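Letter by letter, the chains look like this.
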Amino acid sequence: MRNVTPAPPRSPGRGASGPKPAWLKARVPGGPTYERLRRLMRDSDLHTVCEEAHCPNIGECWNSGTATFLILGKVCARACGYCQVTSGRPQPLDADEPRRVALTVERMGVNHAVITSVNRDDVPDGGAALFVETVRWIRRLSPGTSVELLVPDFDGNWEALESVLRAAPEILNHNTETVPRLYRAVRHKARYERSLELLRRADAWSPRPVTKSGLMLGLGETMDEIDAVLRDLRAVGCDVLTVGQYLRPSRKHLPVERFVPPAEFDALAERARAMGFRHVESGPLVRSSYHAERQVPGGGAGGRGPSRLVPLVDAS
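Residues numbered from 1 in each chain as written. Predicted model: local features only at pLDDT ≥ 70, side-chain atom pairs only at ≥ 80, totals over all residues. Heavy atoms only, no water.

The next subject is the overall build of the protein. Of regular secondary structure, the protein possesses ten helices and eight strands. Relative to its 316 residues, the protein shows a buried fraction of 55%. In the protein, the proportion of contacts linking residues at least 24 apart, taken out of those at least 6 apart, comes to 77%. Carbon together with sulfur atoms contributes 50% to the accessible area of the protein, which is approximately 13800 Å² in total. (Helix = DSSP H or I, 4+ residues; strand = E, 2+ residues; numbered from the N terminus. Buried < 20%, exposed > 50% of the residue type's maximum accessible area, 1.4 Å probe, protein only. Contact = heavy atoms within 4.5 Å. Areas by Shrake-Rupley, 256 points an atom, 1.4 Å probe, with all protein chains shown as cover.)

As structure tokens, then:
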């Protein structure tokens, strides 16, 4: 294991100085597959977190024919200090959205579909019913496709969570995002203990999904704090861990306190594996859904091989 000494802790506010380091530069998205998938999303009136959150891996993922669908609209009821997704007053839920997502999954021919959402604290179940309908539609149209749900905390509505778990996704993902000390600044309305409880309940569910969580580095956390979060995640049975660098979306968002070198991500991955995580993705550009298809037991439910983008058909 590498011995890496992290920078001293800072609270959000000071910000890192100097230009963005070379290891954080991603390829500009483009290419025929990327453009085709972008048109498919627009023609289907769908949103992706890849676009809304300005993911640095969008070029790599879209050119391989994979994407993470953003359901429940594109306006979030919360205003977290790190997130690029638009916040404000959400539009009414779109009951046809699950069908359109499933049609697009079918056209893409993906082995593993990842579905996430904005926070919908404005509706009683937090949007859980549309997660369930999306899974049902995908199972109906693409029975060989495994499903990963990256869910919000449903504002602590455990009945809503149970309805989602009854839909039996292969992976249930909920991000803790940062260390408890920074929650007030980083995650508006979220509670660290509530996120752990969500993962604990998923771990206890039968049939049990693979459970997964993710963290951002560079917001002022210490390595001891990160290690404590990893221990907490393992204590509630979390199987898969993703760790990436926080990148400031705009001047309205929290500043980056430190650009974490790749060697520290590698060392953290080693520690996480030693703690018992079954799969770890750790690196500066890693995001929640990065290489998600590799995290399904057996390589995906259907074993259909690599993702492929198939010809478009009439969506009506």
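This part is about the nonpolar core. Counting residues in each nonpolar core, the largest one holds 37 residues, and the members touching the most others are Ile226, Leu230, Leu233, Leu241 and Phe277. Considering each element in turn, this core owes the most residues, five residues, to helix H9 (residues 223-235). Excluding its chain neighbours within four sequence positions, the residues that come into contact with Phe277 are Leu230, Leu233, Arg234, Cys238, Asp239, Val240, Leu241 and Ala272. (Core = buried A, V, L, I, M, F, W, Y, C linked by side-chain atoms within 4.5 Å.)

A few words on helix H8 (residues 192-204). Helix length check: H8 (13 residues) gives 19 Å between terminal C-alpha atoms against 18 Å at 1.5 Å per residue, within 8%. Every buried residue of H8 is accounted for by Tyr192, Arg194, Ser195, Leu196, Leu198, Leu199 and Ala202. For H8, the secondary structure elements touched by its buried residues are helix H6 (158-166), strand E5 (171-173), helix H7 (183-186), strand E6 (210-217) and H9. (Expected span 1.5 Å × (residues − 1).)

So, on to H9. Between the first and last C-alpha of H9 there are 18 Å, a value that for 13 residues agrees with the 18 Å anticipated at 1.5 Å per step. For H9, the secondary structure elements touched by its buried residues are H8, E6, strand E7 (240-245) and helix H10 (262-275). Among the residues trailing H9, Gly237 stands out with phi positive, at a value near 85°.

Our focus in this paragraph is the pairing of E6. Extensive coverage of E6 is indicated by the burial of eight of its eight residues. Of the two faces of E6, the one holding Val210, Lys212, Gly214 and Met216 and the one holding Thr211, Ser213, Leu215 and Leu217 are both buried throughout. Sheet topology places E5 next to E6; three bridges connect them, and they run parallel. Its bridge partner lying in E6, Leu172 is registered against Thr211. (Pairing = 2+ DSSP bridges.)

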